Amino acid sequence: VLLGWQVGGRKSMKSTTAGAGRGWLLLSFAIVAEVCASLSLKGALNHPALYIVVVLGYAGAFTLLSFVLGAGVPLGVAYGVWGACGVALTALASAAIFHEQLTPVMMLGMAVVIAGVLCVELGHRAGKTAAGKNSADHAGRTGAAKDGVA
């Protein structure tokens with residue numbers, strides 16, 4: 001078992017509300033690590049010592065992302081949120097720190113990316129709700145069939 005996964009892709013940890021909450025917290029740390037690494041990459045052009053922050057930040061971000069997945073957050077959702085938040089926060093921070101231009105079109109683009117990720121998350125939640133309902137319906141029919149009821 002490595003990071004909550006067994007060989008064959010079966011999850012060895014139960015996905016619980018607490019695990020998912022922990023996953024979202026870890027995801028926020030992964031986003032911060034990635035943004036710090038990206039900003040340090042720009043800063044390292046003038047201060048080469050910042051390349052240490054770049055390497056540690058990206059390594060930390062990917063390590064944290066693996067823990068996020070181990071906590072039960074689906075890959076498509078985790079990666080989408082990580083990417084969208086990383087892009088938006090990096091653009092905003094680079095405008096503040098490095099005085100890079102942030103145009104209305106760029107802000108619209110960030111809003112569209114974030115909206116897309118929200119659609120992925122809402123779609124995932126709707127799919128889980130529908131799957132749970134279908135599973136309960138199937139269990140009810142199976143139980144009724146065992147009792148001789150059609």
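Everything quoted here is computed from the prediction, not taken from an experiment. (Residues numbered from 1 in each chain as written. Predicted model: local features only at pLDDT ≥ 70, side-chain atom pairs only at ≥ 80, totals over all residues. Heavy atoms only, no water.)

A. A look at the overall build of the protein. When its secondary structure is counted, the protein shows four helices and zero strands. Secondary structure elements in the protein, listed N-terminal to C-terminal, are α-α-α-α. Each of the 150 residues in the protein was classed as buried or not, and the buried ones make up 26%. Total accessible area computed for the protein in this model is approximately 9,600 Å², and 72% of it derives from carbon and sulfur atoms. (Helix = DSSP H or I, 4+ residues; strand = E, 2+ residues; numbered from the N terminus. Buried < 20%, exposed > 50% of the residue type's maximum accessible area, 1.4 Å probe, protein only. Areas by Shrake-Rupley, 256 points an atom, 1.4 Å probe, with all protein chains shown as cover.)

B. Representation of the packing of aromatic side chains within the structure. Within the structure shown, the criterion is met by two aromatic pairs. Their ring planes at 75° and their centres at 5.2 Å tell us that Phe62 and Trp82 sit as a pair that is edge-to-face. Of this pair, Phe62 sits in helix H2 (residues 51–70) while Trp82 sits in helix H3 (residues 75–98), and the two are 20 residues apart along the sequence. On the accessibility criterion, Trp82 (6% relative accessible area) is buried. Ring-pair connections join several aromatic residues into one group, and the members of that group are Phe62, Tyr79 and Trp82. In this structure, Lys42 packs its charged tip against the face of Phe98, placed 5.9 Å from the ring centre. (Phe/Tyr/Trp six-rings, centres within 6.5 Å; stacked < 30°, edge-to-face > 60°. Lys NZ or Arg CZ within 6 Å of the ring centre and 35° of its normal.)

C. View of H3. The end-to-end C-alpha distance of H3 is 32 Å, a good match for the 34 Å that 24 residues give at a rise of 1.5 Å each. Inspection of H3 places Val77, Ala78, Val81, Trp82, Ala84, Gly86, Ala88, Thr90, Ala91, Ala93 and Ser94 among the buried residues, and these make up the whole buried set. With its phi angle positive at about 60°, His99 sits one or two positions after the end of H3. (Expected span 1.5 Å × (residues − 1).)

D. Expanded view of the side chain of Thr90. Take Thr90: it is sitting in helix H3. Filtering out sequence-adjacent residues up to four positions away, Thr90 remains in contact with Glu34, Val35, Ser38 and Leu39. (Contact = heavy atoms within 4.5 Å.)

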